[in-house]
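# Structural description and commentary
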Amino acid sequence: MAAPETSTAAVPTLYTNNTLRNAFGGVLSFFILLLIGVMAFSIRLFSVIKYESVIHEFDPYFNYRVTQFLAKNGIYEFWNWFDDRTWYPLGRVIGGTVYPGLTLTAGTIWWLLNSLNIPLSVETVCVFTAPIFSAFASWATFLLTKEVKGTGAGLTAAALLAMVPSYISRSVAGSYDNEAVAIFALIFTFYLYIKTLNTGSLFYATLNSIAYFYMVCSWGGYTFIINLIPMHVLLCIVTGRFSSRLYIAYAPLVVLGTLLAALVPVVGFNAVMTSEHFASFLVFIILHVVAFVYYIKGILSPKMFKVAVTLVVSVGLAVCCAVIAVLIALVASSPTKGWSGRSLSLLDPTYASKYIPIIASVSEHQPPTWPSYFMDINVLAFLVPAGIIACFSPLSDSSSFVVLYIATSVYFSGVMVRLMLVFAPAACITSGIALSQSFDVFTRSIKFQLPGISSNTEVDAAETSSATAEAQNDAVKTEKSEETSKNRPSKKSKKKEKEEKPSTKAKAEKRLLALPLDSSVISLLLLILLGAFYVVHCVWAAAEAYSAPSIVLTSRSHDGLHVFDDFREAYGWLRHNTDVDDKVASWWDYGYQTTAMANRTVIVDNNTWNNTHIATVGTAMSSPEKAAWEIFHSLDVKYVLVVFGGLVGYPSDDINKFLWMVRIGGGVFPHIKEPDYLRDGQYRIDSQATPTMLNCLMYKLSYYRFVETDGKGFDRVRQTEIGKKHFKLTHFEEVFTTHHWMVRIYKLKPPKNRIRGKTKKSKSKTSSTSSRGKRSGSGKKNPWQ
Amino acid sequence: MEAPIRATGILGFTLFSLLFFVCRSSPLHNLFISNAERRIDVTSHIVKVYLTLKVENAGTTPTSEVLLAFPPTQVDHLATVEALVTKGKRKKTTLVRLDVKPTELPDAPNGAKYFTIYLANPLNSGESTTLEVLYLFTHSLEPFPAEIGQSESQLVHYRDSALILSPYHIKQQTTFIKTPSTKVESFTRVEPTNRAGTEIKYGPYEDRPPYSFSPILVHFENNSPFPVVEELVREVEISHWGNLQVTEQYTLVHGGARHKGVFSRVDYQSRPTLSGASSLQHLLARLPPRVHSVYYRDEIGNISSSHLRTDSRKSELEIEPRYPLFGGWKATFVIGYGLPLQDFLFESSDDRRYLNFTFGCPLLETVVDKLTVKVVLPEGSKDPSAVVPFPVDQHLETKYSYLDVVGRTVVVMEKKNLVPVQNSHFQVYYTFKPIFMLAEPLMLASAFFLFFVACVAYLHIDLSIRK
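The structure contained in this document is the topic of the report that follows. (Residues numbered from 1 in each chain as written. Chains lettered and ligands numbered in written order. Predicted model: local features only at pLDDT ≥ 70, side-chain atom pairs only at ≥ 80, totals over all residues. Heavy atoms only, no water.)

Next up on the list: the interface of chain B and chain A. Chain B puts 27 residues into the contact, and the matching count from chain A is 31 residues. Contact between chain B and chain A buries roughly 2,500 Å² in total, counting both sides, with carbon and sulfur atoms accounting for 51%. Looking only at chain B, the three residues that lose the most surface to chain A are R265(B), V266(B) and I300(B), adding up to 25% of its buried area. If you look at where chain B meets chain A, you find five salt bridges. For E299(B), the salt bridge identified is with R575(A), shortest N-O distance 3.1 Å. Inspection of the chain B/chain A interface yields 20 residue pairs in polar contact (both at pLDDT 80 or more). Within the residue set of the side of chain B that touches chain A, elements represented by two or more residues are α3 (265-270), β21 (301-302) and β24 (330-340) of chain B. Of all the elements, α3(B) adds the most residues to the side of chain B that touches chain A, at four residues. Looking at the side of chain B that touches chain A, its residues break down into ten nonpolar, nine polar and eight charged. (Contact = heavy atoms within 4.5 Å. Buried area = accessible area lost by both parts, 1.4 Å probe. Salt bridge = Lys/Arg side-chain N within 4 Å of Asp/Glu carboxyl O. Polar contact = N/O pair within 3.5 Å; in protein donor to acceptor, adjacent residues only side chain to side chain. Helix = DSSP H or I, 4+ residues; strand = E, 2+ residues; numbered from the N terminus. Nonpolar A, V, L, I, M, F, W, Y, C, P; charged D, E, K, R; others polar.)

What follows is the structure in structure tokens.
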């Protein structure tokens, strides 16, 4: 470090003191980091302690199933896995359509443990992968923030990230989802980028590409990296901070990173073909042009250079225009303009709800509300602006990256709730910087105010004396730094910047920031209080809000804890009491769980890759019984599963999701019309409901014999009595209903023999079909009632 | 599948009495039974038969063997045979258990199978003794109709002979069949036969020659659930650090009349007595006392419906499957618990250690079709040998867990068709040096030591190429 060297020149005795202090600091920060890791891990165990060690929600079940397959059959089978138990009759190529990072990570951990003869089950490994990786993520945050603003800020940011609720919500034990490892990969990639930018080392640049590769393996959110880093490079070039370090940080990433990304089957040629990646190539070209210009500038005289510039600019513009025209033509010729639906909805928040109901129907794709910001990042929301200001004094390559990161992620988080997750690390980093800088200011001013105390203790003495030594050296150093920064301000070494920052601060403190003692003490206390509030909130969020596995529900009533384990009851029943090859139809939300827990073939699942197939199921659910039976029968479905919360008041049941089924179904099959299911624009299931609604399959399967429970048929979710109470099913029969009626399973009745009474039946059938045809044609009153 | 076998069986049994003359020449028959009383209890799905035989030796030579004969179809379902003899005079009677072993006889009529009861004292000429025999049949109640709806009650067939099948002449015999309720659809009459309440009485029949057979069929209501564990794997892992970990994997099926058609939860909840009367709702497992860390789960997670009651003498775990089991429905689950080692591990006189543990299934009133008991001995233990009171298939396996290097020896014992009566104890003897307990901690410690040494070495070596 430059600081001790300069200070030894001034005060030689301080040298030993400082190394000792650094060593202690190193050990101390190591232990603090260790504790932060332990905290990050343990705060996520509330779900295991309060519930059980179990995989949560929907997507994790798919990842779990894939990991099981990997553990059982090995990596080559995994790449070639064609899953015939889902999307019946289409199937799904799992190896080529899944981001394998998470699965491979957990599979490797499992394999490692088992080769050490530690017999942990795949499930246990999967459950604890997310907490382990959140510890890694907090360490990565430390590294990143340390590169930007020093160790203090790094530790603060790591501690904040370890317990930020937004990240906890996706990484509690059991929440075995891509984001769990992806956030670590994201932060670590950013760290390596900054590290390369600061050191200019090709070693780190290579590591950076590998980290980027891991990120590509893990999550579709890698496009955020491959757009943010080019943006930063562009920013550096525009603000005249181009340097060879920037070149080393970026060029290998694009070349190696793109090559590596193309190795991942799910990305493949998308890494060079889709618009998400074009920005990086464009910046790559610009970077080379700029580098070339600098090179030319170096070998030519200024006069010659001017001539060359005008020449090149005129020719270059023409070429650029041509290339851009070709590109635009190419992109515009593709139907989605080369952008995938999810990315488009990022740029235009209203895109999804307008065109793709299947994206809009997922709650995590909705824009967040203001309270959710407070819920998810809490006091960080107030600290972020302060952190941004701190990043600007002084602005370096790395701090400008942080500013850019937070600015973009704030926008993305505003578009989709899910991307709060990308925003949270940025918020933690900036808040960490803000907190540590303000602590710095307050403690320094306290020390400055109390020279008597500081001279007593050794460490404080070292601190202040080094500070004063720095202050003394200030004049010399600022001169030096000005000298270096004259021609290339961005080429200042990182260390010198670091040096400059506290020194200017010390100077500033000396002049202006001699805050009054009492006010700085009070501010310190308030900051600590703020931190305490954050901790309390995080622990509460981890314990109460984000730990529910959602497959088992509990409610606390006056007579103790009540457990609703209906989902697993139903899946367990399906697993043991139906034929292995039976097909189960349900709305796509339950597809992953059905395949993983019940081990039965499903028609659609949460990987919503085939809109038509989902629309078919949606149409069946919103059709009258006979038509639905025909659709299901044509799909070889044996059982239909519906989730019904009306008896116990479970709000996210199929009746509440039903309008999405109608919308998605109607998007492909126009005879399903949303207004048919709404009375005066209102969605209702009581006696005012439309006949279409009361006769659709979903209504019938949900409320079949429901009236017999209490005699009135009172739905506790909709808080109303149901409209049609007594009806019979003709084409379906109830085969299982769980204890709290939350899951109901129906079996399709076999087709009737057509030997006797053929004429009569066919007559009635033709009349019914014709009436259906009429309905879709003329759109008058519903004829099937 | 089963029906035709049974039909041929019946045909065969009617031939027994004809064949009896052929077998007359057997030299065994100097014994005869002066009085036999048989009580057949069909209230649960395990058929219990209490047979009281008064055996007299009419021959000239003393004999110590008494034969029991069973038709071949019954032998397949025979789970256990026990014989007791009352000893001592009045007031001070004690029951003595006698050895019973399956026996092959060369000229058994129609494939009848035999069990030999070895008397403690030979029966001299002219003497008589009274034997109490208990045997249990599993899978002997055949549901008829084989498929029932949710609201129907379960009716079963029980087939047997009104006359006791025996290689001996029986002077007088009576058979009582106890049904679970008074609802008896039909029963074969072999006069004198009468029925009172829940009991059907066949007999008394006088002077029946050996191998007399008279098939009867009783059709009655039996609404008790038929819990059958198709496969049970019990793993008992010994840790010399003081814990005995037991893991039991069950595949449970309701062996009664198959469920047909709909399952309506509303009927099941509102009319519990009428609807699904024979459904299997809960099971009781009797665990050893001082049991701890009990879990009850299946492959998709914890099953929350269980209760554990412990006291100083026993622990009872009441478990409910995730869903009520109707006829033919299956469920799988795992029960696991830890036990203090000192209750089950002892040192024998020859400096070996032995584990003393129950063999059977802890679930009450449950038939186990196939039971595998695995005893995982600690790493480094030698010369395992198992002592089981009845014949079992044994072999050894090796299991690796928690940082094992050479693996743990596993003694595997397998038995088919097990009933709760057989929950007797077995012993596994082995030798073990306590020093092996320290192997793994030492291994870990040295691994960490080497790791830190490597770290220190790395920090002190300059690996850079530049000078």
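Residues and elements named next belong to chain A. Compared with the 18 Å implied by 1.5 Å per residue over 13 residues, the 18 Å span of helix α22 (residues 380-392) between its first and last C-alpha is a close match. When α22 is considered as a whole, its buried residues turn out to be L380, L383, V384, G387, A390 and C391. Buried residues of α22, viewed axially, fall in a sector of 125 degrees; they line one side. Seen from the buried face of α22, the exposed residues on the opposite side, beyond 90 degrees, are F382 and I389. (Expected span 1.5 Å × (residues − 1). Buried < 20%, exposed > 50% of the residue type's maximum accessible area, 1.4 Å probe, protein only. Arc of directions from axis to C-beta.)

With that settled, the discussion passes to the sheet that holds strand β5 (residues 94-103) of chain B. Two orientations exist for strands paired in a sheet by backbone hydrogen bonds: parallel and antiparallel. All names here are of chain B. Read across the open sheet, the ten strands follow the order β3-β6-β5-β4-β7-β2-β1-β11-β14-β13; overall the sheet is mixed. Looking along the sheet, the strands with just one partner apiece sit at the ends: β3 (63-70) and β13 (193-196). In this sheet, adjacent strand axes meet at a mean angle of 20 degrees when their direction is disregarded. In this sheet, strand β2 (residues 47-57) lies alongside strand β1 (residues 31-41) in antiparallel orientation, the contact comprising ten bridges. Across the sheet, residue D41 finds its bridge partner in β2, namely K48. (Pairing = 2+ DSSP bridges. Axes fitted to C-alpha atoms, helices over the stretch in contact; angles between N-to-C directions.)

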